[in-house]
Amino acid sequence: MSRRLAEVATKVGVSEATVSRVLNGKPGVSQATRDAVLTALDVLGYERPTKLRGERGRLVGLVLPELVNPIFPAFAEVIGGALAQQGFTPVLCTRTAGGVTEAEYIDLLLGQHVSGVIFAGGFYAERLADHAHFRRLEKLGLPVVLMNASIEDLDFPRVSCDDLVAMNQALGHVLSLGHEKVGLLLGPADHVPSERKLAAAQAFAERQGHVLDPTLVVHSQYSLESGQAAANRLLEAGATAIVCASDPLALGAVRAVRRAGLDVPTDVSVVGYDDSNLMNSTDPALTTVRQPIEPMGRAAVDLLASMIAGADVSRDELLFEPELVVRGSTAAAHAAGREATAS
């Protein structure tokens with residue numbers, strides 16, 4: 001019992017005494033805290049006391065495109081915890097190849113009478129994808145919040161990491177190290193965050209008095225294997241630094257460099273994006289641009305909770321500033337230039 005009290009108290013962010021009062025039906029606890037404690041019991045897998053089992057927690061869908069990229073489990077942990085603290089029960093929905101589609105998950109969530117949905121990645125960011133299920137949610141007026149950039153004509157609140165700032169930080173870093181041939185390894189061409197990163201790189205080059213070399217820009221699916229294949233083209237074009245749109249793409253680029261008989265960072269520097277778990281434990285530790293997952297996730301939950309409560313929230317995109325984390329995968333061009341190494 002004491003272990004259960006401690007776990008629930010930690011999950012909700014209240015004292016064990018408060019949890020005990022809720023479980024024993026004592027007065028002196030706000031309804032919001034009471035709901036949060038009961039939801040935490042459900043999330044942690046504990047049975048509610050018999051007299052409280054009739055009170056069903058409010059459900060919120062949390063839709064993720066995958067769990068292979070560790071950034072999505074990280075978002076799920078933050079968002080799920082924040083939802084529980086506000087008295088909601090998260091319902092996790094993850095797409096898999098050949099499995100349940102995003103549209104089918106929406107059907108399932110609506111069948112469960114969810115109070116709202118948070119999407120942390122998905123078809124809303126892909127211009128060529130089918131958006132009919134998002135139009136359906138718009139028509140129903142269900143509270144929905146999107147994490148990171150989406151196509152422009154979806155009228156949902158968005159909580160995003162600033163791709164312009166992220167690209168400026170990454171490019172500024174490798175250029176400060178003396179690299180002149182910098183490759184960009186981006187996601188699919190119709191993916192809005194990658195569109196933004198490409199536009200930011202083009203603007204950055206113009207400010208430097210240059211034109212972005214099209215042979216140094218490649219697009220890839222968001223996987224390590226696809227990143228490796230795409231990075232080979234950048235190596236063939238002579239890139240001495242590769243700036244990537246995700247950490248898995250960056251790890252694919254590192255593998256491509258090594259398969260080419262080269263070294264990271266001695267021959268080629270690599271920069272990732274996200275700073276997902278374990279990126280400080282790779283070999284070498286990955287220089288990357290960190291998304292502020294905690295404040296972004298909590299902002300998304302706050303927006304959704306306000307919408308569920310009937311408040312009118314702004315549709316303006318909330319932009320959060322990323323942070324460049326410099327580790328061992330980048331080095332000065334005099335150490336990384338292949339011509340210099342060959343001579």
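Positions within a chain are numbered from 1, following the residues in the order the chain's sequence is written. In keeping with the model being predicted, local features are shown solely for residues with a pLDDT of at least 70 and side-chain atom pairs are shown and tallied solely at 80 or more, while totals for entire chains, interfaces and linings include all residues. Excluded from the side-chain calculations are hydrogens and water; all other atoms, namely the structure's heavy atoms, are used.

## Thoughts on the pairing of strand β1 (residues 58-64)
So, step 1. Here β1 lies mainly inside the structure; six of its seven residues are buried.
So, step 2. When the strands point away from the viewer and the connection leading from the first strand across the helix to the second strand turns clockwise, the crossover is called right-handed. Note on conventions: DSSP H or I runs of at least 4 residues are helices, E runs of at least 2 residues are strands, and numbering of each starts at the N terminus. Handedness of the crossover joining β1 and strand β2 (residues 88-94) through helix α4 (residues 71-85) is recorded here as right-handed.
So, step 3. Paired strands are those between which DSSP finds at least two bridges. Both β1 and strand β3 (residues 116-119) contribute to a ladder of four bridges, which runs parallel. Each bridged residue has a counterpart across the sheet, and for L62 the counterpart in β3 is I118. Relative accessibility thresholds used throughout: buried, under 20% of the residue-type maximum; exposed, over 50%; partly exposed, between the two (1.4 Å probe, protein chains only).

## A look at the domain arrangement of the chain
Interface size is often expressed as the accessible area that is lost when the parts come together.
So, step 1. The split into domains, and so the bounds of each, comes from an automatic or database assignment of domains. Here the domain parsing of the chain yields domain 1 (1-52), domain 2 (59-161 + 293-322) and domain 3 (163-291).
So, step 2. Any two residues whose heavy atoms approach within 4.5 Å at even a single point are treated as in contact. Listed per partner, the contact involves 22 residues of domain 2 and 20 residues of domain 3.
So, step 3. Take the accessible area each of two parts loses on contact, using a 1.4 Å probe, and add the two losses: that sum is the buried area. Between domain 2 and domain 3, roughly 1,600 Å² of surface is buried when both sides are summed, and carbon and sulfur atoms account for 53% of that area.
So, step 4. Counting the surface domain 2 buries against domain 3, the share from its top three residues, R127, C161 and P322, is 32%.
So, step 5. Counted as salt bridges are all cases of a side-chain nitrogen of Lys or Arg within 4 Å of a carboxyl oxygen of Asp or Glu. Counting every contact that joins domain 2 to domain 3 gives two salt bridges.
So, step 6. R196 is the partner of E317 in a salt bridge, and the nearest nitrogen-oxygen pair spans 3.0 Å.
So, step 7. In protein, a polar contact means a hydrogen-donor-capable atom and an acceptor-capable atom, both N or O and within 3.5 Å, with residues adjacent in sequence counting only if both atoms are side-chain atoms; elsewhere, any N or O pair within 3.5 Å suffices. On the surface where domain 2 and domain 3 come into contact, there are nine residue pairs in polar contact (both at pLDDT 80 or more).
So, step 8. Looking at the side of domain 2 that touches domain 3, the elements with two or more residues in it are α4, β5 (158-161) and α11 (293-308).
So, step 9. Charged means Asp, Glu, Lys or Arg here, nonpolar means Ala, Val, Leu, Ile, Met, Phe, Trp, Tyr, Cys or Pro, and polar covers whatever is left, Gly included. Taken together, the residues that form the side of domain 2 that touches domain 3 break down as 13 nonpolar, three polar and six charged.

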